[in-house]
Amino acid sequence: MKLDKKLSIIIPCYNVEKYIAECLESVCNDKDADVEVICVNDGSVDDTLRIIEQWKQKDDRIIIINQENKGAAAARNKGLNIAKGEFIYFLDSDDKVSDVAILKKCCEQMKRDNLEILIGAARTFYEFPELQNKFPEYEKRYHIEHEYPPVMKGTELMAEMRRNGEWTVSPPMRIYKREFLQVNNIHYTEGKIYEDNYVAFLGMYLAERTTAVKETLFKRRIRENSVMTQKVTHRNVESYLVNFIQDLYLIAEYRDVKKPNMGMDFPLDIARREIKRTYRLLDEEEKRKFEECLTEEQKFYFDVLIRREIEVVYMLDAKSRLLERTVKENKEMQKKQESRIRKLEEQVAKLEEDKKQANNDLKKANKKLKELKASNSWKIGRAITWPVRKLKAILRKFSNGNA
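## Focus: the state of the cysteines
One covalent bond between the sulfur atoms of two cysteine residues makes up a disulfide.
Point 1. Summed over the entire model, instances satisfying the criterion amount to zero disulfides.
Point 2. Cys-23 forms no disulfide, and the closest cysteine sulfur to it belongs to Cys-13, at a distance of 6.9 Å.
Point 3. Note on Cys-23: relative accessible area 0%, which makes it buried.
Point 4. In this structure Cys-28 is not part of a disulfide, and its nearest cysteine sulfur, from Cys-39, lies 7.6 Å away.

Okay, structure coming up:
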């Protein structure tokens, strides 16, 4: 097939009427760019197709392919099959390229250095401000801050980016040489989520000439109900398990025995971690669906390599929850005891205060009585009442004697 374009931009489109115009605006704003824009309408039931057709009328570089809904992987494969560009770039329909000029510059670098894969950076933007608080982890996930040699073997670049904390599998962060994808029969696994994970690893295992640059290739939109933000189901776990098995076979086939310390097993670690994370988020019904959808091969690897780890985590979680509950109960009991002690201390302090007040009142009364007894009126009163008091004393004595 004649390569009559420098770059083919492949965009899977499914029910993205809210975003597709903005996406196409970003890739078509450079009228002189030697690109073709392949929009694969993946069975959309909203206005997506109509919007793409309107854009095609304005820009004949846009190519439209219609297919029944098969998922992003099938749409990317369909676009790749008809692409005529020397280089391939996969863009998601709710995202935007940063600048077509940057893509052109990267293609020129790939041609000059005969690169098979070039990895670039990305920036995120949030559809709504509240999403930034909900998903803050995406803010710097796609940045590239380190310098990398102009040409590196794929496995070496992957390991170096991982050490720098800059490795990611997002398709729009890569430009591929089309011939490289064709010769190695690299395509996306259809019918699964996270289909880009395996392609990213496979490409790096096979590539002899790659590099990573700081240039921002695209702007990623963080929105509700995307693949990365929607509720986890059994399909998420199954897809990660498929990735795990694919990576397992890939590493066994392409392991570099001359460099055993390259640490290239980390794709398995990533897949295993995601399987455990997503499985733990399933409710009982989703777990049942997961068990039912597994093939014999998938069940074998899940049972042998992952299920035991999940059970251990559950046991540790149970012990942790028991410890937390015990600590919490002890703290609550301690708080109650401290509260009772404070109340008793307050009561004792009140009694001490009452006693002190009573003593003060008694002293005042005794002082007042003493002053009263020392007064002339008291003395006169005593003198006046003496006969009466004397008579009462005699009568009491007489009464007691008779008794």
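## Examining the environment of Ile-88
Point 1. Within the element layout of this structure, Ile-88 appears in strand β4 (residues 85–90).
Point 2. Overall, Ile-88 belongs to the buried group, its relative accessible area being 0%.
Point 3. Sequence separation between Ile-88 and Ile-117 is 29 residues; the distance between their C-alpha atoms is 9.7 Å.
Point 4. Among residues more than four places away in sequence, those in contact with Ile-88 are Leu-7, Ser-8, Ile-10, Leu-80, Ala-83, Arg-174, Ile-175, Tyr-176, Arg-178 and Leu-181.

## Quick look at the pattern of salt bridges
Point 1. Tallied over the entire structure, the rule returns 21 salt bridges.
Point 2. Salt-bridge contacts for Asp-47 lead to Arg-50; the nearest nitrogen and oxygen are separated by 3.0 Å.
Point 3. The shortest N-O distance in the salt bridge between Glu-274 and Arg-277 comes to 2.7 Å. Of this pair, Glu-274 and Arg-277 both sit in helix α10 (residues 266–280), three residues apart, which is roughly one turn of that helix.
Point 4. Classification of Arg-277 by relative accessible area gives partly exposed; the value is 40%.
Point 5. A single network of salt bridges, built from pairs that share partners, joins Lys-6, Glu-86 and Lys-111.

What counts, and at which threshold
Residues numbered from 1 in each chain as written. Predicted model: local features only at pLDDT ≥ 70, side-chain atom pairs only at ≥ 80, totals over all residues. Heavy atoms only, no water. Disulfide = S-S within 2.5 Å. Buried < 20%, exposed > 50% of the residue type's maximum accessible area, 1.4 Å probe, protein only. Helix = DSSP H or I, 4+ residues; strand = E, 2+ residues; numbered from the N terminus. Contact = heavy atoms within 4.5 Å. Salt bridge = Lys/Arg side-chain N within 4 Å of Asp/Glu carboxyl O.

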